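Chain residues, written in single-letter form:
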Amino acid sequence: FGTEAWLELAINYRDMGKPDEALVELAPLQNPDRGHRIASRALYEAGVIHHQLYMNNKTTAPDKAAMHAKSAREAFKKLWLLYPDREDEDQAKRAYLALAELQQASGDAAGEIKTLEELATAHPESPYATYAKAVLAIRANKMERADTYLRQTIEQAKSAGDGDLQRRADELLRRGR
């Protein structure tokens, strides 16, 4: 039972609405000894699951939500620390965006801005940096600049074959921020 299959099992649990089982399977895969690609993906997936559990529990079970927010932050930050300069993979960049979204959802505007600024600084040539600049421009109420950055992100993401980032930017542009 290889690590790729193990990772897919965890993702299948997540997709079946079994986040606790997914997290159990992801935990041992987060070890750097599993290889950078598997460990970074496991950290990212665990962060995403904890983020979703935070969103699901923030009004009905605030203590449980707070625990999931903390776990999501830890997973995303661990991913940055262990795999900060892997330009061939986007897990760390996606983790920055996911953390910024979590911070925004939890009312931590200063944390969101800091995270987006770190992303733009850490990966300046990345379409993720351009997207971060667009969100920062929106937060600063600089809508023309935001539109420009969003259009650039869409083109960069299209060129890079990153449909997820392209959809995010397009949705933000269509929504009128």
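Note: the structure precedes this text.
Residues numbered from 1 in each chain as written. Predicted model: local features only at pLDDT ≥ 70, side-chain atom pairs only at ≥ 80, totals over all residues. Heavy atoms only, no water.

Some words on the pattern of salt bridges
Now for step 1: Tallying each qualifying case throughout the model produces 14 salt bridges.
Now for step 2: Arg174 serves as the salt-bridge partner of Asp170, at 2.6 Å between the closest nitrogen and oxygen. Note that Asp170 and Arg174 are positioned in helix α9 (residues 163-174) at a spacing of four residues, about one turn of the helix.
Now for step 3: With a relative accessible area of 63%, Arg174 lands in the exposed category. (Salt bridge = Lys/Arg side-chain N within 4 Å of Asp/Glu carboxyl O. Helix = DSSP H or I, 4+ residues; strand = E, 2+ residues; numbered from the N terminus. Buried < 20%, exposed > 50% of the residue type's maximum accessible area, 1.4 Å probe, protein only.)

Describing helix α6 (residues 109-122)
Now for step 1: The terminal C-alpha atoms of α6, which comprises 14 residues, lie 20 Å apart, in line with the 20 Å expected from a rise of 1.5 Å per residue.
Now for step 2: Restricting attention to buried positions, one finds in α6 the residues Gly111, Glu112, Thr115, Leu116, Leu119 and Ala120.
Now for step 3: In this fold, the buried residues of α6 make contact with α4 (62-82), α5 (91-105) and α7 (127-139). (Expected span 1.5 Å × (residues − 1). Contact = heavy atoms within 4.5 Å.)

Remarks on the environment of Ala120
Now for step 1: Along the chain, the position of Ala120 falls in helix α6.
Now for step 2: By relative accessible area, which is 13% here, Ala120 ends up buried.
Now for step 3: Considered as a pair, Ala120 and Trp6 are 114 residues apart in the sequence and their alpha carbons are 33 Å apart.
Now for step 4: Residues in contact with Ala120, not counting those within four places in the same chain, are Ala129 and Lys133.

Notes on the nonpolar core
Now for step 1: One finds Phe76, Leu97, Leu116, Tyr131 and Leu150 to be the most contacted residues of the largest nonpolar core, which totals 37 residues.
Now for step 2: When residues of this core are traced back to their parent elements, those giving at least two are α3 (36-57), α4, α5, α6, α7, α8 (143-160) and α9.
Now for step 3: For Tyr131, the contacting residues outside a window of four places in its chain are Leu97, Leu150, Thr153, Leu165, Arg168, Ala169 and Leu172.
Now for step 4: Counting 13 residues, the second-largest nonpolar core is a separate cluster that includes Trp6, Ile11, Ala22 and Ala42. (Core = buried A, V, L, I, M, F, W, Y, C linked by side-chain atoms within 4.5 Å.)

So, unusual backbone geometry
Now for step 1: Of note, the phi angle at Asn141 is positive, near 60°, even though the residue is not glycine.
Now for step 2: Along the polypeptide, Asn141 turns up in the loop between α7 and α8.
Now for step 3: Here Asn141 falls in the exposed class, since its relative accessible area comes to 59%.

What to know about the packing of α3 against α4
Now for step 1: Between α3 and α4, whose axes approach to 8 Å, the crossing angle comes to 160°. Classed by the angle they form, the pair α3 and α4 counts as roughly antiparallel. Once α3 is placed against α4, the crossing between them reads as left-handed. In this structure, α3 uses Ser40, Leu43, Tyr44, Gly47, Val48, His50, His51, Leu53, Tyr54 and Asn57 to contact α4, whose residues at the interface are Pro62, Lys64, Ala65, His68, Ala69, Ser71, Ala72, Ala75, Phe76, Lys78, Leu79 and Leu82.
Now for step 2: Of the residues contributing to the contact of α3 with α4, the split by class is 13 nonpolar, seven polar and two charged. (Axes fitted to C-alpha atoms, helices over the stretch in contact; angles between N-to-C directions. Parallel < 35°, antiparallel > 145°, perpendicular 65-115°, else oblique. Left-handed = near helix turned anticlockwise from the far one by under 90°. Nonpolar A, V, L, I, M, F, W, Y, C, P; charged D, E, K, R; others polar.)

Focus: helix α1 (residues 3-15)
Now for step 1: Compared with the 18 Å implied by 1.5 Å per residue over 13 residues, the 18 Å span of α1 between its first and last C-alpha is a close match.
Now for step 2: Of the positions making up α1, those classed as buried are Trp6, Leu7, Ala10 and Ile11. All buried residues of α1 lie within an arc of 140° about the axis, which places them on one face of the element.
Now for step 3: Taken together, the buried residues of α1 touch α2 (19-29) and α3.
Now for step 4: Looking at the residues trailing α1, positive phi occurs at Gly17, about 80°. (Arc of directions from axis to C-beta.)

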